[in-house]
Amino acid sequence: MANYGFLIDQRKCIGCHACSVACKSENQVPLGVSRTWVKYVETGAFPDTRRHFQVTRCNHCANPPCVRICPVTAMYQRHDGIVEFDKDRCIGCKACLQACPYDAIYIDPESHTAAKCHYCSHRTDIGLEPACVIVCPTHAIVSGDLDNPHSEISRLVAREPVSVRKPEQGTAPKLFYIDADEVTLTPTAPAMRPTFMWADVATDQAHAIVEDFDLFALTARVNGHSNGHSNGASAPVREPVAVGASVEARGGEAYGAYAGGGRTAPGGTPIRTPQTQGMGVGSGPITTGGRVAEGMIQTAYTAQHKIPWHWPVPTYVTTKDIGAGMGMVLAAAVILGLGTISSTLAAIALFVSLVFTGITTALLVYDLDKPARFGYIVRHPQWRSWLARGAFLLMGFSLVAGLWFLLEAGTAFGWIDAGLTSTLRPWFAWLTVPLALGAASYTAFLFAQAEGRDLWQSPLLPFHMSLQAVMAGTGALLVVGVFTGLSDAVATFLLWTFGVSVVLGLLVTLFGEFGVAHASEVAARAAHSISHGRFRGLFWWGGIVLGHVVPLALLALGMFVGSAWLLILGALAAFAAVVGLLLFEYAYITAPQEIPNS
Ligand code: SF4
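Residues numbered from 1 in each chain as written. Predicted model: local features only at pLDDT ≥ 70, side-chain atom pairs only at ≥ 80, totals over all residues. Heavy atoms only, no water.

## Looking at the overall build of the protein chain
Now for step 1: Helix and strand counts for the protein chain come out as 19 helices and 11 strands.
Now for step 2: The buried share of the protein chain, reckoned over its 598 residues, is 58%.
Now for step 3: Excluding contacts between residues fewer than 6 apart, the proportion of contacts in the protein chain whose partners are at least 24 apart in sequence is 74%.
Now for step 4: Carbon and sulfur atoms make up 65% of the accessible area of the protein chain, which amounts to about 23,900 Å² in all. (Helix = DSSP H or I, 4+ residues; strand = E, 2+ residues; numbered from the N terminus. Buried < 20%, exposed > 50% of the residue type's maximum accessible area, 1.4 Å probe, protein only. Contact = heavy atoms within 4.5 Å. Areas by Shrake-Rupley, 256 points an atom, 1.4 Å probe, with all protein chains shown as cover.)

Structure follows, in structure tokens:
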């Protein structure tokens, strides 16, 4: 069986866009989206300038994260190595767009399903080469079987030094470049400005780009960073960015899977990295006669990409925290033997929990670009996807919480014997805890599968999300308790659990932002955008002050003024904490999407 890949010889590319146009025509790609495009990056100072091209598209990764995350096998890897998609199965969840570290996937504006380069599989299946290969006037694009030592692509990859995009992601890309400049391969290397040479930056990424430019201009000025090359006019200088030390380690892993452990391409040729190309942070800007041009490295043209996940996702995470958290904390109270929980309180708490879980499901369906296909997750689940696993966890939790609610409601209305309820209640509690915990925390594992967003790859996330669910669930139970009344034991349990979860949540939030090294330069940029950039208001005033400081202050006030007010102030604290959580989630989910991947 073949193992198809691409090689692009940037020595031959003349930037004519014939490949982009042929792809559009062959695959009927609508306006505004692209399966392949030619990125232009310009370097130098007038008159010594140079335009670099990079033909970019799906890498048909040997280890494709887009396939792993797809909940319905709409994105899949063929036996011949082509990563293919099935638009008739796609539900439009956009998870694959988050998983691809290369911006290779888009949502087709006509079919509302995911699409990308599929190696012209309809042509490949009948022995023809992809349209882009045929049309290229300089034979800069080579396709073929990487496992056949006699194929042109294999011989070139064996003979020439080749590079790939983002080897540190561990995806083992099978799109190799000859002589691609690192400034084209590293999306954040060029100076970032609100306009390209040929177009405005029209997508949400414009926010990050403007801010990022200011950030680095500021850094250059604050550091007095002329590098001895400046004319002293403090023109903003953006140095090329190395991917970082982790490249060697993680890239080695990726190619270990592909080429037997070494950092080599098939055939044994070393793969060039930013380090081996001498384009690391330490290398200075390009100069001419002691002068430094503004924007030493700038993107002149590239395809633009929209942010896939907007407000429904942070809202959905928050409502899920409330729904699952209420079930989890109620069950914990039962298991801990706080036997003074009345059936009325339990029934109301479970009802509210089910309402928020229902809102969560409704938001999940609403955010699909093909909402009518939501049932495909149940009918065709792809079990490695945490989106599919999460859907089943939500359904399992809803089923158990629903049955438990019927039992408690029946008892509250006198239709079911209280003795039966006290026998069955612990069983429901023990079943509820793992399902609620799974429903609360599965999003952390889904985010970890979203390998295009480095900030989300934090090992703290499952613990942090579970903690947020405990905080939101306890808080919601305090609000319910204001109306139903609570026994002293239950009220004390809820207030202490809420207070401790807020304190721990504050520590984990601050530690995650400032206490740990970020996995990559991209993750660090996103974190910077949250704490010091565009999202700093949401983070500090929303996530920290409203979400943690205000609730703790209200609890402290409640303890000071006495028990008559404690529950009401606790409920107010819970309300502030949940609103703060929503604002924090919005920043945390949006910021990493604004960092370009291509
Ligand atoms: Fe292609 Fe991106 Fe999937 Fe890799 S992760 S196979 S580049 S779509």
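So, next bit.
## Let's talk about a nonpolar patch on the surface
Now for step 1: A cluster of nonpolar side chains, contributed by Val479, Val482, Phe483, Leu557, Phe560, Val561, Trp565, Ile568 and Leu572, occupies part of the molecular surface with about 920 Å² of accessible area.
Now for step 2: Elements with a minimum of two residues in the nonpolar patch: α15 (461–484), α18 (536–561) and α19 (563–590).
Now for step 3: Position of Leu572 relative to the elements: it lies in helix α19. (Patch = residues over 30% accessible without salt bridge, like charges linked within 9 Å, V, L, I, M, F, W, Y side chains within 5 Å. Salt bridge = Lys/Arg side-chain N within 4 Å of Asp/Glu carboxyl O.)

## Considering the state of the cysteines
Defined simply, a disulfide is a covalent bond joining two cysteines at their sulfur atoms.
Now for step 1: As enumerated under the stated definition, the model contains 0 disulfides in all.
Now for step 2: With no disulfide of its own, Cys19 lies 6.4 Å from the sulfur of Cys16, the closest cysteine sulfur.
Now for step 3: Distance from the sulfur of Cys96, which forms no disulfide, to the nearest cysteine sulfur (Cys93) is 6.2 Å. (Disulfide = S-S within 2.5 Å.)

## Observations regarding the pairing of strand β10 (residues 175–178)
Now for step 1: Of the two faces of β10, the one carrying Leu175 and Tyr177 and the one carrying Phe176 and Ile178 are both buried.
Now for step 2: Note that strand β1 (residues 4–9) and β10 share 4 bridges and pair parallel. Bridge pairing links Asp9 to Ile178 in β10.
Now for step 3: In this sheet, β10 lies alongside strand β9 (residues 162–163) in antiparallel orientation, the contact comprising 2 bridges. Paired with Ser163 across the two strands is Tyr177, which belongs to β10. (Pairing = 2+ DSSP bridges.)

## Re the confidence of the model for the protein chain
Now for step 1: Predicted confidence across the protein chain gives a mean pLDDT of 86, with 83% of residues reaching 70 or more.
Now for step 2: Across residues 212–294, where pLDDT falls below 50, the model places 160 contacts with residues more than four positions away in sequence or in other chains. (pLDDT = per-residue confidence, 0-100.)

## Let's talk about the environment of Ile341
Now for step 1: In this structure, Ile341 sits in the loop between α10 (312–335) and α11 (343–366).
Now for step 2: When its relative accessible area of 5% is taken as the criterion, Ile341 is described as buried.
Now for step 3: Taking the C-alpha atoms as reference points, Ile341 and Ala489, separated by 148 residues in sequence, lie 9.3 Å from one another.

## Concerning the side chain of Gln98
Now for step 1: For Gln98, the position within the fold is in helix α3 (residues 95–99).
Now for step 2: At 3.0 Å, the side chain of Gln98 forms a polar contact with the side chain of Gln593.
Now for step 3: Sequence-distant contacts of Gln98, defined by excluding residues within four places in its chain, comprise Pro308, Trp309, Ala450, Glu451, Gly452, Arg453, Trp456 and Gln593. (Polar contact = N/O pair within 3.5 Å; in protein donor to acceptor, adjacent residues only side chain to side chain.)

## A word on the packing of aromatic side chains
The relation between two aromatic rings is expressed through the spacing of the ring centres and the mutual angle of the planes.
Now for step 1: Summed over all chains, the structure comprises 17 aromatic pairs.
Now for step 2: Three or more aromatic residues joined by ring pairs form one cluster here, namely Phe514, Phe539, Trp540, Phe584 and Tyr588.
Now for step 3: Sitting over the face of the ring of Tyr316, Lys320 holds its NZ or CZ atom 5.9 Å from the ring centroid.
Now for step 4: Cation over ring: Arg389 sits above Trp386, and NZ or CZ is 4.7 Å from the ring centre. (Phe/Tyr/Trp six-rings, centres within 6.5 Å; stacked < 30°, edge-to-face > 60°. Lys NZ or Arg CZ within 6 Å of the ring centre and 35° of its normal.)

## As for the sheet that holds strand β11 (residues 297–301)
Now for step 1: With respect to topology, 3 strands assemble into an open sheet ordered β3-β2-β11, the strand pairing being antiparallel. In the strand order of this sheet, the two ends are held by β3 (48–56) and β11, each with one partner. Mean inter-strand twist for the sheet, computed between neighbouring axes without regard to direction, equals 30 degrees.
Now for step 2: Alignment of strand β2 (residues 37–45) against β3, held across 9 bridges, turns out to be antiparallel. Bridging across to β3, Glu42 finds its partner in Arg51. (Axes fitted to C-alpha atoms, helices over the stretch in contact; angles between N-to-C directions.)

## A closer look at the packing of helix α16 (residues 488–515) against α19
Now for step 1: Direction vectors running N to C along α16 and α19 enclose 30 degrees, while the axes themselves pass 11 Å from each other. One way to sum up the angle between α16 and α19 is to call them roughly parallel. Seen from above, α16 lies across α19 with left-handed handedness. For the pair α16 and α19, the contacting residues are Leu495, Phe498 and Thr509 in the first and Leu566, Gly570, Ala573, Ala574, Ala577 and Phe584 in the second.
Now for step 2: Its residues placed into classes, the contact of α16 with α19 shows 7 nonpolar, 2 polar and no charged. (Parallel < 35°, antiparallel > 145°, perpendicular 65-115°, else oblique. Left-handed = near helix turned anticlockwise from the far one by under 90°. Nonpolar A, V, L, I, M, F, W, Y, C, P; charged D, E, K, R; others polar.)

## A few points about the pattern of salt bridges
Now for step 1: All told, the structure shown has 12 salt bridges when counted by the stated rule.
Now for step 2: Here Arg11 ties to Glu160 by a salt bridge, and the two come within 3.6 Å at their closest N and O atoms. Linking Arg11 in the loop between β1 and α1 (18–27) with Glu160 in the loop between α6 (152–159) and β9, this pair joins segments that are 149 residues apart in sequence.
Now for step 3: Arg11 sits in the partly exposed class, given a relative accessible area of 47%.
Now for step 4: Overlapping salt bridges bring together Asp9, Arg11, Arg159 and Glu160 as one network.

## A closer look at the nonpolar core
Now for step 1: Ranked by size, the top nonpolar core spans 139 residues in total, and within it Met75, Trp404, Phe498 and Tyr588 carry the most contacts.
Now for step 2: Discounting residues that sit within four places of it in the chain, Met75 has contacts with Cys66, Val67, Cys70, Val83, Glu84, Phe85, Cys96, Ile105, Ala114 and Lys116.
Now for step 3: Counting residues in hydrophobic clusters, the runner-up holds 10 residues, among them Val142, Leu146, Leu156 and Val164. (Core = buried A, V, L, I, M, F, W, Y, C linked by side-chain atoms within 4.5 Å.)

## A look at the environment of Ala2
Now for step 1: Topologically, Ala2 is positioned in the segment before β1.
Now for step 2: Residues Ala2 and Gly144, 142 residues apart in the sequence, show an inter-C-alpha distance of 8.3 Å.

## What about α18?
Now for step 1: The sharpest bend along α18 reaches about 50 degrees and sits at Val545.
Now for step 2: Among the residues making up α18, those that are buried are Phe539, Gly542, Gly543, Ile544, Gly547, His548, Pro551, Leu554, Leu555 and Gly558.
Now for step 3: In the core, the buried residues of α18 are packed alongside α16, α17 (521–531) and α19.
Now for step 4: One or two steps after α18, the chain reaches Gly562, where phi turns positive at roughly 110 degrees. (Bend = angle between axes of the 7 residues up to and from the residue.)

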